[in-house]
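# Reading the structure
Each chain, letter by letter, is given below.
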Amino acid sequence: MRTSPLTSVRWSSVLQQALVLALVAALFYWLIQNASANLSALGIASGFDFLDQRAGYAISFSLIDYTPDDTYLRAYWVGLLNTLLVSVLSIALATLLGVILGVLRVSDNWLLNRMSYLAVEFLRNVPLIVHLIWWYGLMLAMPRVRDAIDVFGVGFLSNRGLTVPWASQGGLVGWALLWSLLGIILGGWLMSRYRTRLPWKGFGPPLWPALLVGAVLLPLLVYAVSDAQWQWELPEAKGFGFRGGITLTPELMALWMALSFYSASYIAEIVRGAIQSVPRGQYEASRALGFSETRTMFQLIVPQAIYPMIPQVTSTYLNIIKNSSLGVVVGYMELVSATGGTTLNQTGQAIECIALVMATYCVFSLVTSLLMNFYNHRIGLRTH
Amino acid sequence: MNEPRSVDADAPVAVRIDALNKWYGHFHALKNVSLEVKTGERIVICGPSGSGKSTLIRCVNQLEQHQEGDIVVLGQLLDDHPKRLRQIRREVGMCFQHFNLFPHLSVLKNCTLPQTANLGIAESEAMAYALKLLERVKMREHANKYPGQLSGGQQQRIAIARALCMRPKIMLFDEPTSALDPEMIAEVLEVMVDLAAEGMTMLCVTHEMGFARKVADRVVFMDQGEIVEQAPPEQFFSQPESPRTQQFLNQIINHGVTAG
Amino acid sequence: MNEPRSVDADAPVAVRIDALNKWYGHFHALKNVSLEVKTGERIVICGPSGSGKSTLIRCVNQLEQHQEGDIVVLGQLLDDHPKRLRQIRREVGMCFQHFNLFPHLSVLKNCTLPQTANLGIAESEAMAYALKLLERVKMREHANKYPGQLSGGQQQRIAIARALCMRPKIMLFDEPTSALDPEMIAEVLEVMVDLAAEGMTMLCVTHEMGFARKVADRVVFMDQGEIVEQAPPEQFFSQPESPRTQQFLNQIINHGVTAG
Amino acid sequence: ATTEGSVLAAVQSRDMLRCGVSSDKAGFSYVNDDGQWSGMDVDLCRGVAAAVLGDAQKVEFVVTTAKNRFTALASGEIDVLSRATTWTASRDANLGADFTTPWFYDGQGVMTHADFGVSSIEELDGAVFCLSPGTTSEQNLEDYFSRRGLSYRTVVIEKSTELYNAFQHGRCDAITNDMSGLASRRTQFEDPQAFTLLPETISKEPLGAYVPQGDARWRDIVTWTAFALMTAEELGVTSDNAEQMKAKTDNANIARLLGTDGRIGERFGLSNDWAYQAISQVGNYEEIFNRNVGPNTPLRFERGLNRLWNDQGLLYPAPIR
Amino acid sequence: MSSLSASRRPHPALRWVHKQLFPNLLQSILTLATLGLLLWSVPKVLDWLIFSATFVGSSKADCVGGGACWLPVVNRIDLFVYGFYPDTETWRVNLAFVLAGAIIPLLYFKRIDRRWVLGYMMLLPFVMWWLLKGGLGLSSVSSTQFAGILVTVFLGVIGMLFALPMGILLALGRRSKKPAIKLLCVLYIELVRSVPVITLLFMASLMVQLFLPEGVTIDILARVLIVLVMFTAAYMAETIRGGLQGMAKGQYEAAKALGFSYWKTMSVIILPQVLRNTIPPLLTQFIGLFKETTLVVVVGVLDVVGIAMSTTSAPEWIGLEHEVYLFLAMFFFVICFALSRYARHLEKQLEKSR
Ligand SMILES: Nc1ncnc2c1ncn2[C@@H]1O[C@H](COP(=O)(O)OP(=O)(O)OP(=O)(O)O)[C@@H](O)[C@H]1O
Ligand SMILES: Nc1ncnc2c1ncn2[C@@H]1O[C@H](COP(=O)(O)OP(=O)(O)OP(=O)(O)O)[C@@H](O)[C@H]1O
Ligand SMILES: [Mg+2]
Ligand SMILES: [Mg+2]
């Protein structure tokens, strides 16, 4: 009797679930009915055809070529790349700042400890939008182009943003980064293969020189065999702005700074938590073995603290990507202000535009969680 | 099972503790404790829970700082100068109740890192010595594993090997077997008995009375932060002087009986 | 200390387990187990760790679902109809190794809530009955405390009282004393002996052989998911049939000796 | 969409007008220190409320953004959109909204920094423009420049405070917006002389109220309320003298306007003194203009195109008779 | 002997300074640099903030001290706090604030029966709604009159308390054994958590109306509230799920063995414990929501940030952005910091009581 799965009970449970599903489906059906009625009343055709139309709006900062004559679809790509750019920059800076603040938070130095405590608490208890408005004000209060602050003779900081040298052919930078990445992967792969052959675990040459060599050597090699011409272009003041180099606009800078400082406070707390979660016994053991404080920290405590940090840090990174949508407040043309803002506004295709934006963010988090799972399986389970 | 042993009365003093006082906040954890340990002497410290045994031996390598009194280890008076302190800690090995191996390093690396980082020994030499010691605690075949993959007894034996890697002149043990299952206790005690047989100076907090009988030169009984009695094991177990000691010993025996 | 007892051979069957099989994933935890318990019978189940004792009694009130075979409790065949299942669970009380009292409720509330919520008994009546039972397990003066404020033995006695509040016809015990210190074990066993004396049908997993000798009508020995032997206690302890049982009994005795 | 008469019925049954405005357009709609809404756009709403409900205070102001204003209108969340919105064909056609009548004539202009020495838009080739998104100014600029083969870059900022801030600090070389906005903002800059308003207008910007599409009755009411306020100026009726003129006037036009003669109000479904209510409670167009943006305010606007037709302006209210 | 050791070991205060501030060269340099920076900057900042600042006056012209000009905040404080709420009815707002604030001490006193606290929290959003919006004897106030801190608190508190039951249901659904229900809950939670709040707010502002039948409108404040509730509930569900997972298995088993049904088990055995344990993280979540409410300004709801922005655009106060935004920052900092300290405190209490 037990082997038969279809007892009366199961049926009631199935019915119950079917009912819930049907209710949800009915709700959606109702909503869609309403929407199509409303849309036809407004004379808006649904569908994604509008993506092929001419966008007709300009975007001040773009990583790929873009003019108002391009399509809405290209404007979407520009927005997407801008989102990724500001996210990557913010992730890098937030991590740096966060780790510094976090390490200061656990330092024995009372003064530094308290100061970083104050800083962390202040940064994270003020809404991001206030950070952003403030940073934007600061960026705009920079001197005019003519009186731009000279940054080590290669960059200029003005109210037009930060202008830095860039390759004369912008595309080369992208390729260089790509080859660098490949080099790192290759170097890492070769080294780890070599190291698994060694008789003793944890010995053998360290990994990072191989990564470095890969990152530098491979792009150079490719450059040598290709006929590409590389040239640095230094910015110089000219007319209404700078010629040459690349300018990080004040909008980008403000968003970058606001996101970095705000998120740094979260990362600092994660770092502190992780370091404090290492059992006291570990400190005692290392002291009993005569390790110095610095070595204790960096060879014994930090490596142990990294593992529990990873999921939390990942979710902070995802938050950075999501929060970059605040670019809409200062007019940084990322995904939400481009497709979810101007495009939507010009075409009236609210449902399509918002769906597109949401779907894109879902993809981000899906990819991230896949990577996380992969990591947990491959590396995480080894020692813990 | 106990044979009389003799420590050279003129052997140099390894550890001298003099009128030691230690407070945790307002709690007086060690009260005027004095103790002298000769080189090669093996001392077992016992006493009821909370009597200050751990605190005492943790003062010897300054994992706890005392407030009054002097501790001289290997001729060096302990103060809080960081360099001198590290120097002394390298010469005093310690094993903890909870092993405290470094979980992110392989067993072998656990044993070589302290050597390379703190003694400046070359990697290959450190490895050879570590493997020798792992052999000695019968853990050589596990050298490539990570601590998380081993049983408690195995971890404790590695902790002993790791401490020995620093070529210590004195070893401190803080209840090395109390977190272990009975079978594992045997493994670890065996290693400790071996070590004792080789003449290592040992200060050992433990409730394993069998071990005390077998290897200790002197048993020190502590209660409420004071040393109540110290005597060679045969005398300690057969004719304890203080009533507190008697009570403690009775309790241990009774406990054994009820468990059986 | 064992007196002969007799259960009426014609007493109605309280629990009948028939060719029971249970797998955890691919692991075969119970292999073709059959067992009949008469009303008023007191059964002690023992066996080495991992032999499936807990699994067996947890199947009786379906905390674990079995895959093959039948279990009939108080004349009712167990299936997974939620209402019938709840009905049966109310008639079968259970005590766990870790007590599992509800920490956010006072002792008294722990005993009255199941009555008011599940039996629909009025608050005042439930309270009177609960106090009676607390009296019986000698915990009446602690009725207003919270479980966190009590010792393990006290908590276990309250757990028993809580189970009894449901006026069960059968009581299941899963190692009720194994998480307790020796003094506390005695308190709890005393309550259980009382209960047995009143004729409650009991199925009890325990390693307390003294208890088994004293109250069990039958001792069931399990190993590797099978019932290896069942016999009245005098016969079980003095002339065990199966070599596995002999080995197990030897081990217990030896263990007692080593510990002592 | 909306059916004839439904908005009026809804407003009357609610006894409250819901009017979509912006929250930070000084002179047109913003909040003053007393926590009161004020501005030209706001006063138009008040006039409509007075005409329809007899009380200028029976308005709820719903803050809308450049993005959601037409959604709010089409969905019936607001009855009138009075948010300095330009009258264009595509909006009338696409967005489920109907325009009423121009309330304020404006044109898109360009302001730059005086020290550039620029005197015409054509000299701004390659310059950076500050813009607010989702407005007609974005497309106008694009048209103007691409027609002449010139290039430009943009900075797009939604909040106008931030926008002008950015320009003033030199974030952009030029800012383009409605002339009125540019002029008013310029007066508030710390050093107005440091900025030049270029003479060209690159677009026509008739600003006024939108109503939901499909309710001609309602559009009439809002349109004619605006006309009534303008006509009042033309006939010299002010909030001060309206009562007196209502009691006794020999001008037939005034009598019709104030509802003592004829039954125009009833035909609209209002009371006959609808225009009287609007004028006496919010004042005529001149009063509204002067109160909000005129020479005595910090904004100091000229009447310019917004003079009456008989004063060489564009205000040409259709006759009320 | 002990006198010798006493002389070797310096005064505790000196030892503290040595150990905490100057243990080695690097640390000493850092300490000195930080000290220098503090000594240099703190007086200046204080001077600007307080000593040379202007607190009374009626227009920008009164700001002559050279320090901060707090007049826009001072003169508009009513607007900042009550928005456009009718002057005669502000007592309702004050009362609502007090009622909302009362939760905090209620959580503190362990003596008070948790059921009362829970009941209070369940009732509060309705009472606040009634107080602020009117009806049933109180004159009704349109939500267009809502602005400033009133909106921030309204959205924060009501949003949180409405989200709580929904979060609990979602968490239970996610742990349900019924695949369809589990799937729906997982989809919902993951979807909402993976998109930025702003897109959800845009949805409220631009899309919701499209999905409603013609003629039905929900005002923007309510739509935004719904979005915030939906959003918070998804995050809260994860917190509560954590609490459910942390619950000892024995509790479920004991309840089962005593014959409790699923809903009884949850409502009287499991959830009371889970909620008690998750108060600190829930409070942290509230802080997050409170900060997140500021984003509603993007869709044109005048919360406290919106009022600040419109203040900086008023012709009479142009150019005083720093003061206004600083006031905003301080406002949020004070509230959020106090709450987060409080959450930490409750957490410690819980740890102790275990
Ligand atoms: N860090 C500390 N802060 C405050 N009190 C402490 C601290 N460490 C230990 N104590 C107290 O000091 C006393 C002695 O502790 P110690 O650990 O030395 O006892 P012990 O003899 O090792 O006991 P056990 O057998 O339980 O390990 C105890 O009462 C303990 O509570
Ligand atoms: N939930 C589970 N999933 C998988 N395997 C399980 C599960 N519960 C128990 N087992 C396995 O089933 C076997 C029998 O378990 P059971 O708990 O019944 O043993 P036991 O006789 O009660 O042992 P003990 O004396 O240790 O309590 C064990 O090997 C155990 O590992
Ligand atoms: Mg100890
Ligand atoms: Mg078991």
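These numbers come from a predicted model, not from an experiment.

Parameters and conventions
- Residues numbered from 1 in each chain as written.
- Chains lettered and ligands numbered in written order.
- Predicted model: local features only at pLDDT ≥ 70, side-chain atom pairs only at ≥ 80, totals over all residues.
- Heavy atoms only, no water.
- Helix = DSSP H or I, 4+ residues; strand = E, 2+ residues; numbered from the N terminus.
- Buried < 20%, exposed > 50% of the residue type's maximum accessible area, 1.4 Å probe, protein only.
- Contact = heavy atoms within 4.5 Å.
- Lys, Arg positive; Asp, Glu negative; His and termini not counted.
- Charge placed at Lys NZ, Arg CZ, Asp CG, Glu CD.
- Salt bridge = Lys/Arg side-chain N within 4 Å of Asp/Glu carboxyl O.
- Near = heavy atom within 4 Å.
- Polar contact = N/O pair within 3.5 Å; in protein donor to acceptor, adjacent residues only side chain to side chain.
- Areas by Shrake-Rupley, 256 points an atom, 1.4 Å probe, with all protein chains shown as cover.
- Nonpolar A, V, L, I, M, F, W, Y, C, P; charged D, E, K, R; others polar.
- Domains from an automatic or database assignment.
- Buried area = accessible area lost by both parts, 1.4 Å probe.
- Arc of directions from axis to C-beta.
- Pairing = 2+ DSSP bridges.
- Axes fitted to C-alpha atoms, helices over the stretch in contact; angles between N-to-C directions.
- UniProt positions renumbered as here; feature names shortened; annotations may be inferred.
- 1 Å grid on protein atoms, 1.4 Å probe; cavity = no way out; pocket = protein on both sides within 12 Å on 5 of 7 lines; lining within 4 Å.
- Points joined across faces, edges and corners; volume = space filled by probe spheres on them.
- Parallel < 35°, antiparallel > 145°, perpendicular 65-115°, else oblique.
- Phe/Tyr/Trp six-rings, centres within 6.5 Å; stacked < 30°, edge-to-face > 60°.
- Disulfide = S-S within 2.5 Å.

Our next topic: the overall build of chain A. Along chain A, the regular secondary structure elements total 12 helices and eight strands. Here chain A holds 384 residues, and 48% of them are scored as buried. Sequence separation of at least 24 residues holds for 63% of the intrachain contacts in chain A that already meet a minimum separation of 6. Seen as two clouds, the 23 positive and the 18 negative side-chain charges of chain A have centres 15 Å apart.

Time to look at the pattern of salt bridges. Residues and elements named next belong to chain C. Per the counting criterion, the structure on display carries 51 salt bridges over all chains. The salt bridge partner of K169 is E91, with a shortest N-O separation of 3.1 Å. Of this pair, K169 sits in the loop between α5 (152-165) and β7 (170-174) while E91 is found in helix α2 (residues 82-91), placing the two residues 78 residues apart along the sequence. Note on E91: relative accessible area 22%, which makes it partly exposed.

Residue and element names in this part refer to chain C. Ligand 2 sits among Y24, F27, P48, S49, G50, S51, G52, K53, S54, T55 and E175. One nitrogen or oxygen atom from the side chain of S54 is found 2.5 Å from an oxygen atom belonging to ligand 2. Against a free-state accessible area of 630 Å², the protein chains account for coverage of 60% of ligand 2. Looking at which element gives the most residues to the shell around ligand 2, the answer is helix α1 (residues 53-60), with three residues. For the shell around ligand 2, a count of residues per class yields three nonpolar, six polar and two charged.

Moving on, we come to the domain arrangement of chain A. Each assigned domain of chain A is listed with its residue range as follows: domain 1 (49-163 + 244-379) and domain 2 (169-230). The C-alpha centroid of domain 2 of chain A is placed 26 Å from the C-alpha centroid of domain 1 of chain A.

Each side of the interface is counted separately: chain E has 52 residues, and chain A has 49 residues. At the boundary of chain E with chain A, total buried surface from both sides reaches about 4400 Å², with 75% on carbon and sulfur atoms. Its largest share of buried area at the contact with chain A, chain E owes to L210, F211 and K291 of chain E, together 15% of the area lost on that side. Here chain E is connected to chain A by 14 residue pairs in polar contact (both at pLDDT 80 or more). Secondary structure elements with two or more residues in the side of chain E that touches chain A: α2 (12-21), α3 (25-51), α10 (179-194), α11 (197-211), α14 (262-292), α15 (304-313) and α16 (321-353) of chain E. With 11 residues, the top contributor of residues to the side of chain E that touches chain A is α16 of chain E. Taken together, the residues that form the side of chain E that touches chain A break down as 37 nonpolar, 10 polar and five charged.

What follows covers the site of ligand 1. All names here are of chain B. Around ligand 1, a shell composed of Y24, F27, P48, S49, G50, S51, G52, K53, S54, T55 and E175 is seen. For ligand 1, an oxygen atom lies 2.6 Å from a polar atom in the side chain of S49. One of the side-chain nitrogen or oxygen atoms of K53 is found 2.8 Å away from an oxygen atom of ligand 1. Protein burial of ligand 1: of its 640 Å² of free accessible surface, 59% is covered by the chains. When residues of the shell around ligand 1 are assigned to their parent elements, the largest contribution, three residues, is made by helix α1 (residues 53-60). Split into classes, the residues belonging to the shell around ligand 1 amount to three nonpolar, six polar and two charged.

All right, on to helix α1 (residues 6-14) of chain D then. All names here are of chain D. Every buried residue of α1 is accounted for by V7, L8 and V11. Take α1 and look down its axis: the buried residues cluster within an arc of 100 degrees, on one side only. Just past α1, the residue D15 takes up positive phi, approximately 55 degrees.

All names here are of chain B. Taken in spatial order, the four strands make up an open sheet running β2-β1-β4-β5, and their pairing is antiparallel. In the strand order of this sheet, the two ends are held by β2 (27-38) and β5 (76-77), each with one partner. Here strand β1 (residues 13-24) runs beside strand β4 (residues 68-73); their pairing, made up of five bridges, is antiparallel. Across the sheet, N21 pairs through a bridge with E68, a residue of β4. Most of the contacts of α1 go to β1, to which it runs at about 125 degrees, and overall it touches β1, β2 and β4.

Let us look at the UniProt feature "transmembrane region" (unreviewed entry) in chain A. All names here are of chain A. On the UniProt side, "transmembrane region" (unreviewed entry) is annotated at positions that read residues 12-32, 75-104, 116-136, 172-191, 203-225 and 353-375 here. Secondary structure across residues 75-104 comprises 100% helix and 0% strand; the distance between its end C-alpha atoms is 43 Å. End-to-end, the C-alpha atoms of residues 116-136 are 24 Å apart, and along that stretch the chain is 86% helix and 0% strand.

Our focus in this paragraph is empty space enclosed by the protein. Tallied over the full model, the rule gives 11 cavities of 30 Å³ or more. Size it by volume and the largest cavity reaches roughly 490 Å³. Residue lining of the largest cavity: 34 residues in total, with K25, A66, R83, S132 and E158 of chain D positioned closest to the centre. Mapped onto the lining of the largest cavity, the elements with two or more residues apiece are α10 (327-330) of chain A together with β2 (24-25), β6 (80-86), α5 (136-147), α6 (160-168) and β10 (174-178) of chain D. For the lining of the largest cavity, the element with the most residues is β6 of chain D, which contributes four residues. Taken together, the residues of the lining of the largest cavity sort by class into 11 nonpolar, 13 polar and 10 charged.

This part covers the packing of helix α2 (residues 72-105) of chain A against helix α11 (residues 335-347) of chain A. Residues and elements named next belong to chain A. Taken N-terminus to C-terminus, the directions of α2 and α11 make an angle of 155 degrees; their axes are 7 Å apart at the nearest point. Compared by their axis directions, α2 and α11 come out roughly antiparallel. Contacts from Y72, A75, Y76, G79, L80 and T83 in α2 reach L335, A338, T339, T343, Q346 and T347 in α11.

Residues and elements named next belong to chain D. Positionally, S203 belongs in strand β12 (residues 203-212). Between the alpha carbons of S203 and D106 there is a distance of 8.7 Å; along the sequence they are 97 residues apart. Not counting residues within four places of it along the chain, the set of residues in contact with S203 comprises G107, Q108 and N140. Among the polar contacts listed, one links the side chain of S203 to the side chain of N140, at a separation of 3.3 Å.

Moving on, we come to the side chain of Q304 of chain A. One can find Q304 of chain A in helix α9 (residues 293-323). With residues near it in sequence (within four places) discarded, Q304 of chain A still touches V278 and Q282 of chain A together with F102, P103 and H104 of chain B.

Moving on to the packing of aromatic side chains. Evaluated as defined, the whole model comprises 47 aromatic pairs over all chains. Considering the side-chain rings of F291 of chain A and F102 of chain B, the 6.2 Å spacing of their centres and the 85 degrees angle between planes classify their relative orientation as edge-to-face. One end of the pair, F291 of chain A, is in the loop between α8 (280-288) and α9; the other, F102 of chain B, is in the loop between β6 (92-95) and α3 (107-119), on a second chain. Each member of the pair, F291 of chain A as well as F102 of chain B, is classed as buried. Arranged with centres 5.2 Å apart and planes meeting at 80 degrees, the rings of Y262 of chain E and W263 of chain E form a pair that is edge-to-face.

This model, assessed by the stated rule, comprises three disulfides over all chains. Here C19 of chain D connects covalently by a disulfide to C45 of chain D, the sulfurs 1.8 Å from one another. Of the two residues, C19 of chain D is situated in strand β1 (residues 17-21) and C45 of chain D in helix α2 (residues 40-53); the sequence distance between them amounts to 26 residues. One disulfide bridge connects C63 of chain E with C69 of chain E, the sulfur atoms lying 1.8 Å from each other.

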